[in-house]
Amino acid sequence: MRIETVWLGRGGQGIVTATYIIANASIIDGFHAIANPEFGAERRGAPVKAFLTISKEPIEDQEPVKTPDVAVVFDDKLLGAMRFVVDAVKPGGYVILNTGKSPQDAAALVGRDDVNIVVIDAIAIARKHLKLDVPNGPLAGAFSKVMGFPSLQSIREAFETQLGKAVEENFAAVKEAYEVAAVIPAKKVDASARPKGIISTTSAFLTGPYEIVGWREVNKAGAVFPGSSFPYVTGGWRIDKPVIDHSKCIMCRKCWLYCPDDAIIEAWVEREGPRGRRFRMKMIDFDYQYCKGCGVCAEVCPTGAIQMVREI
């Protein structure tokens with residue numbers, strides 16, 4: 001038996017720790033395991049993927065996984081830009097998805113009927129037990145449920161050796177996820193079919209797409225245009241997004257002052273008055289392309305006009 005997995009999420013969600021926990025727990029249970037993280041930009045919110053191979057026999061190779069048996073996705077918004085990860089899962093394999101959506105909506109998001117889909121609201125479970133948006137423990141519990149290994153007790157031992165703190169809280173999250181994870185079986189599986197694609201083995205894919213040009217096409221003297229942060233759309237990093245009730249907003253602009261990402265904007269809008277006249281007025285709005293969902297705006301709002309709403 002040999003199971004190859006890929007774990008996909010964002011920096012700060014505990015992707016690498018999750019693979020180490022499952023690897024250590026599997027070794028305790030008598031398996032062989034090797035975990036290989038692969039980083040792009042090492043910053044919170046940036047996409048990260050990690051490979052984990054578990055086998056009954058010694059693992060001689062250390063190559064990244066290209067066609068996994070299991071894909072564990074920590075953020076359902078990654079399924080758009082990282083569609084090829086889901087496409088690379090072998091028919092009959094598993095896609096374990098952290099999402100607040102219903103199982104039916106999650107299945108539609110995955111968009112494959114030849115794989116088993118596991119749906120778990122790992123963020124809600126992590127917030128309940130850890131008061132943090134770190135879903136790695138619950139996803140480890142979901143993995144254990146559908147694969148039949150490693151055992152819950154071994155996962156607990158792995159938390160003790162790997163983390164050495166908050167063991168009971170993490171283990172409570174693991175157990176709840178193990179119990180409530182919803183499994184949608186594959187409708188049809190062709191054992192002879194191949195995956196639609198493979199997973200790239202370079203970190204460049206994390207911020208792509210890239211176009212490779214020949215040396216004849218490079219500008220003379222290697223001149224390039226000035227760089228800008230505008231192409232790096234960071235709105236996909238959110239777990240919660242700010243929503244404003246304009247009836248409570250007093251335009252104090254504290255949200256604009258404290259926003260670390262310059263994602264608060266003043267927009268001119270037209271409104272109809274009581275006697276049919278139309279007025280132009282300014283209102284606070286959000287640039288969701290760059291809002292990371294930090295919640296600072298909601299914290300500083302003196303009237304409670306801004307509320308954070310769960311997005312994934």
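Here, the structure is the one placed above.
Attention here is on the structure that accompanies the text. (Residues numbered from 1 in each chain as written. Predicted model: local features only at pLDDT ≥ 70, side-chain atom pairs only at ≥ 80, totals over all residues. Heavy atoms only, no water.)

1. Some details on the pairing of strand 10 (residues 278–286)
Relative to strand 10, strand 9 (residues 264–272) runs antiparallel, the two being bridged by nine bridges. Opposite Val269, over in strand 10, you have Met281 as the bridge partner. Two successive antiparallel strands, strand 9 and strand 10, enclose a turn made up of five residues, where Gly276 displays a positive phi of approximately 90 degrees. (Pairing = 2+ DSSP bridges. Helix = DSSP H or I, 4+ residues; strand = E, 2+ residues; numbered from the N terminus.)

2. Quick word on the pattern of salt bridges
Where charged atoms from two side chains of opposite charge come close, those side chains can pair. Throughout the structure, instances matching the rule amount to 19 salt bridges. Residue Asp61 is joined to Arg2 by a salt bridge in which the shortest nitrogen-to-oxygen separation is 3.2 Å. Here the residue Asp61 occupies a position in the loop between strand 3 (47–55) and strand 4 (70–73), and Arg2 occupies one in strand 1 (residues 2–10), the gap between them amounting to 59 residues. Of the residues examined, Asp61 reaches a relative accessible area of 33% and is grouped as partly exposed. On the accessibility criterion, Arg2 (33% relative accessible area) is partly exposed. The residue Asp121 makes a salt bridge to Arg310 at a minimum N-O spacing of 2.6 Å. (Salt bridge = Lys/Arg side-chain N within 4 Å of Asp/Glu carboxyl O. Buried < 20%, exposed > 50% of the residue type's maximum accessible area, 1.4 Å probe, protein only.)

3. Looking at the environment of Phe171
On the secondary structure map, Phe171 appears in helix 8 (residues 167–180). Residues Phe171 and Gly141 lie 30 residues apart in sequence; the distance between their C-alpha atoms is 8.7 Å. Contact partners of Phe171, with chain neighbours within four places excluded, come to Leu152 and Arg156. (Contact = heavy atoms within 4.5 Å.)

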